[in-house]
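Coordinate analysis (summary)
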Amino acid sequence: MYVYEPRGILFLSSVKKFESFPEFATMREGARVDNLTHTLTGLMISRCGISDSKTRGAALTAMIAANAPDVDVLWSGLPGGSSYFEYHRGITHSFVMVPILAAACCAIAKYTRQASMNVRLFAVAILGVLSHLLLDWTNVYGIRLLLPFSSKWYRGDMTEIIDPIILAILFLSLFAPMLANLVVGEIGAKKGTATLTWARFALVALLGYESARFVAHARALAMIQSHLYGGSVEPRFTVVPARLGLLTWRGIVEGEDYVVTSLVDIPGEYNPADGHVD
């Protein structure tokens, strides 16, 4: 797990210095539609078997919960502004708010759709909120998990804010049961458990994909840390996604008076001299 202060590696001492990297544009523009990933993840959680047929409103509750931490846009504003970078992913993205947000989501579902108020529904809501925190931790933006006790940011740097592979897994798991049930209905057979099966597939596939990116990220980070860099102060290292796939990353080395950026190709050799120095 990697930790940094709000003006540390991610911001590279100033937002303007970071604007030259493609990842900055993704953070500014992509965050506007990232809630699609959260919503679909919440839907898969509601379908994976935690709730039963007697638990009404599980899908609605899970989808609301999977987006609940982003309620902070009410005071941080929309993506792109300086206040968004300063206040977004604040207290609502911390562990202490998980049960509070989950309870609020259950109450909303109860009020709007007469959802069941039971332990299963609350469990679905808890998992929905936690899924949001986990997905936010994996990307390059980071998250302040320990507020109000600590303002440190934690981030995995493993995925883009919008990851096409994650969306592909979620959309496949959304539409595959529809097709399966349609085929079953056409032949007059009894409908099976396609929705449950595909929901579980989605969650397992997401876990496997993120685990693979975690291992690849650790390898790329070790490659850039294995070289010596000038300066009297030990540089800070970070590695962020550069392209779709697991083998190519963007390495950033921030020294006392320089920043070196370069592509890190895991199967190949890494040479910091091939990078760009600011």
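Residues numbered from 1 in each chain as written. Predicted model: local features only at pLDDT ≥ 70, side-chain atom pairs only at ≥ 80, totals over all residues. Heavy atoms only, no water.

Structural notes on the overall build of the chain
Along the chain, the regular secondary structure elements total ten helices and six strands. Buried residues in the chain amount to 49% of all 278 residues. Sequence separation of 24 or more characterises 61% of the internal contacts of the chain that already satisfy a separation of 6 or more. Surface summary for the chain: the accessible area is close to 13600 Å², and the carbon and sulfur share equals 64%. (Helix = DSSP H or I, 4+ residues; strand = E, 2+ residues; numbered from the N terminus. Buried < 20%, exposed > 50% of the residue type's maximum accessible area, 1.4 Å probe, protein only. Contact = heavy atoms within 4.5 Å. Areas by Shrake-Rupley, 256 points an atom, 1.4 Å probe, with all protein chains shown as cover.)

Quick look at the packing of helix H4 (residues 58–65) against helix H7 (residues 98–113)
Relative orientation of the contacting elements H4 and H7 amounts to 135°, with a least axis distance of 9 Å. By the angle class used here, H4 and H7 are oblique. At the point where H4 passes H7, the crossing takes the right-handed sense. When H4 is examined against H7, the residues Leu60, Thr61, Ile64 and Ala65 are found in contact with a partner set consisting of Cys105, Cys106, Ile108, Ala109, Thr112 and Arg113. (Axes fitted to C-alpha atoms, helices over the stretch in contact; angles between N-to-C directions. Parallel < 35°, antiparallel > 145°, perpendicular 65-115°, else oblique. Left-handed = near helix turned anticlockwise from the far one by under 90°.)

Digging into the side chain of Asp157
Mapped onto the fold, Asp157 is located in the loop between strand S2 (153–155) and helix H9 (164–187). Judged by its relative accessible area of 2%, Asp157 falls in the buried class. Looking at Asp157, its side chain comes within polar contact range of the side chain of Arg155, at 2.6 Å. For Asp157, the residues in contact, after removing those within four places along its chain, are Trp137, Thr138, Asn139, Val140, His217, Thr238, Val239, Val240, Pro241 and Trp249. (Polar contact = N/O pair within 3.5 Å; in protein donor to acceptor, adjacent residues only side chain to side chain.)

Examining the side chain of Thr238
Within the secondary structure layout, Thr238 lies in strand S3 (residues 236–241). A polar contact of 2.6 Å, which involves the side chain of Thr238, links it to the side chain of Arg155.

Overview of a nonpolar patch on the surface
A cluster of nonpolar residues, Val71, Val73, Leu74, Trp75, Ile91, Val96 and Phe149, forms a patch on the protein surface that exposes about 690 Å² of accessible area. Relative to the helices and strands, Trp75 is located in helix H5 (residues 73–76). (Patch = residues over 30% accessible without salt bridge, like charges linked within 9 Å, V, L, I, M, F, W, Y side chains within 5 Å. Salt bridge = Lys/Arg side-chain N within 4 Å of Asp/Glu carboxyl O.)

Here's the deal with the confidence of the model for the chain
Here the chain shows a mean pLDDT of 82. Residues at 70 or above account for 80%. Low pLDDT (under 50) marks residues 1–33, which in the prediction has 81 contacts with non-local residues, meaning those over four places away or in another chain. (pLDDT = per-residue confidence, 0-100.)

Brief notes about unusual backbone geometry
With an omega of 5°, the peptide bond running from Leu147 to Pro148 counts as cis. In this model, Gln114 sits at a positive phi of 55°, which is unusual for a non-glycine residue. By the secondary structure assignment, Gln114 is in the loop between H7 and helix H8 (119–138). In the Ramachandran plot, Asp157 falls in the positive-phi region, its phi being about 60° despite a non-glycine side chain.

Notes on the sheet that holds strand S4 (residues 248–254)
Ordered in space as S3-S4-S5-S6, the four strands form an open sheet in which the pairing is antiparallel. Two strands lie at the open edges of the sheet, namely S3 and strand S6 (276–277), each paired on one side alone. Alignment of S4 against strand S5 (residues 259–265), held across seven bridges, turns out to be antiparallel. Each residue of the ladder has a partner; that of Arg250, found in S5, is Leu263. Most of the contacts of helix H10 (residues 194–225) go to S3, to which it runs at about 140°, and overall it touches S3, S4 and S5. (Pairing = 2+ DSSP bridges.)

Notes on the packing of helix H3 (residues 35–47) against H8
Where H3 meets H8, the axes come as close as 9 Å, and the angle between the chain directions of the two elements is 140°. By crossing handedness, the relation of H3 to H8 is classed as right-handed. From H3, Thr37, His38, Thr41, Ile45 and Ser46 reach across to H8, where they touch Val124, Leu127, Gly128, Ser131, His132, Leu135 and Asp136.

Brief notes about the packing of aromatic side chains
A full pass over the atoms with the stated rule returns four aromatic pairs. Centre to centre, the rings of Phe171 and Phe175 are 6.1 Å apart; their planes meet at 10°, and the pair counts as stacked. With Phe171 and Phe175 both in helix H9 and four residues apart, the pair spans about one turn of that helix. A relative accessible area of 45% means that Phe175 is categorised as partly exposed. The interplanar angle of 75° and the centroid separation of 5.2 Å between the aromatic rings of Trp198 and Phe201 together place this pair among those described as edge-to-face. A residue pair is termed a helical-turn pair when its members lie 3 or 4 positions apart in one helix, as Trp198 and Phe201 do in helix H10 at three residues. Here Phe201 falls in the partly exposed class, since its relative accessible area comes to 36%. (Phe/Tyr/Trp six-rings, centres within 6.5 Å; stacked < 30°, edge-to-face > 60°.)

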